[in-house]
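Structural characterization, general
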Amino acid sequence: MELVPIGSFARQSGLTVKALRHYDTLGLLPPARVDPATRHRWYAPDQLDRARRIRRLRALELPLAEVRAVLAAPDGGRARLIAYRRDVEARLARDQRILHGLVHLIEGDDMPDPTESAAPPERQLAADLFNLVWTLLEQPGRSTEDDDRMVHAAHASRYHWGQVGGPEQIAIGEWQCARVYSVLGRSEPALHHARRCLAIASTADVPAWLVASAHEGLARACLVAGNREEALRERSAARGVLETVGDPEDRQVVEDDLASLAL
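These remarks concern the structure in this document. (Residues numbered from 1 in each chain as written. Predicted model: local features only at pLDDT ≥ 70, side-chain atom pairs only at ≥ 80, totals over all residues. Heavy atoms only, no water.)

**Things to note about the overall build of the protein**
Stated precisely, the cut-off is as follows: In this description a helix means any DSSP run of H or I spanning at least four residues, a strand means any run of E spanning at least two, and both kinds are numbered starting from the N terminus. Each residue gets one of three labels from its accessible area relative to the maximum for its type: buried under 20%, exposed over 50%, partly exposed in between, using a 1.4 Å probe on protein chains only. We call two residues contacting when some pair of their heavy atoms lies within 4.5 Å. A 1.4 Å probe and the Shrake-Rupley method give the accessible areas. Residues count as covered only by the protein chains that appear here. Here the positive residues are Lys and Arg and the negative ones are Asp and Glu; neither His nor the chain ends is included. The location of each charge is read from NZ of Lys, CZ of Arg, CG of Asp or CD of Glu.
Each helix and strand in the protein was counted, giving 12 helices and 3 strands. When the 263 residues of the protein are sorted by exposure, 38% land in the buried category. Counted over contacts in the protein with a minimum sequence separation of 6, partners at least 24 positions apart contribute 59%. On the protein, roughly 14800 Å² of surface is accessible, and the fraction owed to carbon and sulfur atoms is 53%. Side-chain charges in the protein split into 34 positive and 38 negative, and the spacing between the mean points of these groups amounts to 12 Å.

Right under this line is the structure:
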């Protein structure tokens, strides 16, 4: 088997010479041979697959310790990559909340003071449960118990909105249930709640941004179900409705959610 010098191997793998030397030091990708006199490194052609996988994982900002664990995992690292994806989704949810808060701050919008007026107990409970769901969605490294709490809180919030809210709040509650199930990869309930959200939003007097958001939620659920064609149609429908939304902040919220769809 003809060995390849480090420069050629770097070009073929897409890694830099510096990175290859670093991965050798870490024991992550040691060369097939090191010349004892010159210390030149030589690699075997069958090491290319591992090198390219390392490059791809690092491009996804996977920490080196996790890269090592993924490469060593008997399932090809699928379970660890799913866990990492959940952390990325949690970070994305946090970043979207921070971005929207910054927009309000920059524009000089007044943020409501929760001490100024007290909402009716059940309405406050619905809102608190809704916010709890977002806290859990933004939490990295969620446990199975956290996932269960998130599901129960989403349904409880939706129930209480059904008692004290109008069509807008109920549709948003259905949307949140769909988002939770989509994040958890559970397509059947995700589709059910996304379709309920769209049905309510399409027949009630609700803001146009909520109709667009309903289409976005259904697109996300379709992706989880493996129906990319329908997901594309729903994304297109959401963008069509967004053209009628005048408020740039409302439009941006939905646009951010659409941008996070893996289409």
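**Details of the sheet that holds strand β1 (residues 4–5)**
Within a sheet, each strand pairs with its neighbour through backbone hydrogen bonds, oriented either parallel or antiparallel. Quick reminder of the rule: A pair of strands is labelled paired if DSSP reports no fewer than 2 bridges between them.
Overall, antiparallel pairing links the 3 strands, which are arranged β1-β3-β2 in an open sheet. Taken across any chain shown, the strands that pair with only one partner, and hence form the sheet edges, are β1 and β2 (33–34). Pairing between β2 and strand β3 (residues 41–43): 2 bridges, direction antiparallel. Opposite V34, over in β3, you have R41 as the bridge partner.

**Section: the packing of helix α9 (residues 187–203) against helix α10 (residues 208–224)**
Keep this limit in mind: Here, axes are lines fitted to C-alpha atoms. For helices the fit covers the stretch in contact, and angles between N-to-C directions go from 0 to 180 degrees. Here roughly perpendicular refers to angles of 65 to 115 degrees, roughly parallel to angles under 35, roughly antiparallel to angles over 145, and oblique to all remaining angles. We call a crossing left-handed when the near helix sits turned anticlockwise from the far one by less than a right angle, and right-handed when that turn is clockwise. Amino acids outside the nonpolar list (Ala, Val, Leu, Ile, Met, Phe, Trp, Tyr, Cys, Pro) and the charged list (Asp, Glu, Lys, Arg) are all regarded as polar, and Gly is one of them.
The geometry of α9 relative to α10 is characterised by a closest axis approach of 8 Å and an angle of 160 degrees between their N-to-C directions. In terms of axis orientation, α9 runs roughly antiparallel to α10. Considering only the axes of α9 and α10, their crossing is left-handed. Each of S187, A190, L191, A194, R195, C197, L198 and A201 in α9 lies in contact with α10, whose residues at this interface are L210, V211, A214, H215, G217, L218, A221, C222 and V224. Of the residues contributing to the contact of α9 with α10, the split by class is 13 nonpolar, 3 polar and 1 charged.

**Concerning the environment of E168**
Looking at the element boundaries, E168 is found in helix α8 (residues 167–183). With a relative accessible area of 27%, E168 lands in the partly exposed category. Among residues more than four places away in sequence, those in contact with E168 are V206, P207, W209 and L210.

**Quick look at the side chain of S13**
Using the following cut-off: Any pair of N or O atoms that falls within 3.5 Å is considered a polar contact. Within protein, one atom must be able to donate a hydrogen and the other to accept it, and sequence-neighbouring residues count only if both atoms are side-chain atoms.
Within the secondary structure, S13 is located in helix α1 (residues 6–13). Among the polar contacts listed, one links the side chain of S13 to the backbone oxygen of A10, at a separation of 3.3 Å. Here S13 is in contact with L48, A51, R52 and R55, once residues within four sequence places are set aside.

**Topic: the packing of helix α6 (residues 121–137) against helix α7 (residues 144–164)**
Packing of α6 against α7 leaves a shortest axis separation of 8 Å and a crossing angle of 150 degrees. The pairing of α6 with α7 is recorded here as roughly antiparallel in orientation. Handedness of the crossing formed by α6 with α7: left-handed. Contacts between α6 and α7 involve E122, R123, L125, A126, A127, L129, F130, L132, V133, L136 and L137 from the first element and D146, R149, M150, A153, A154, A156, S157, Y159, H160, W161, Q163 and V164 from the second. For the contact of α6 with α7, the class distribution of residues is 16 nonpolar, 3 polar and 4 charged.

**A word on the layout of surface pockets**
Basically, it comes down to this: Method remark: on a 1 Å grid restricted to protein atoms, a set of points is classed as a cavity if a 1.4 Å probe fits but cannot get out and as a pocket if it is open with protein on both sides within 12 Å along at least five of seven lines; lining residues have an atom within 4 Å of a point. Grid points are joined across faces, edges and corners, and a volume is the space filled by probe spheres set on the points.
Roughly 650 Å³ of internal volume is contained in the second largest pocket. The set of elements that each furnish at least two residues to the lining of the second largest pocket consists of α5 (78–107), α6, α8 and α10. Considering each element in turn, the lining of the second largest pocket owes the most residues, 7 residues, to α5. Residue composition of the lining of the second largest pocket, grouped by class: 11 nonpolar, 6 polar and 6 charged.

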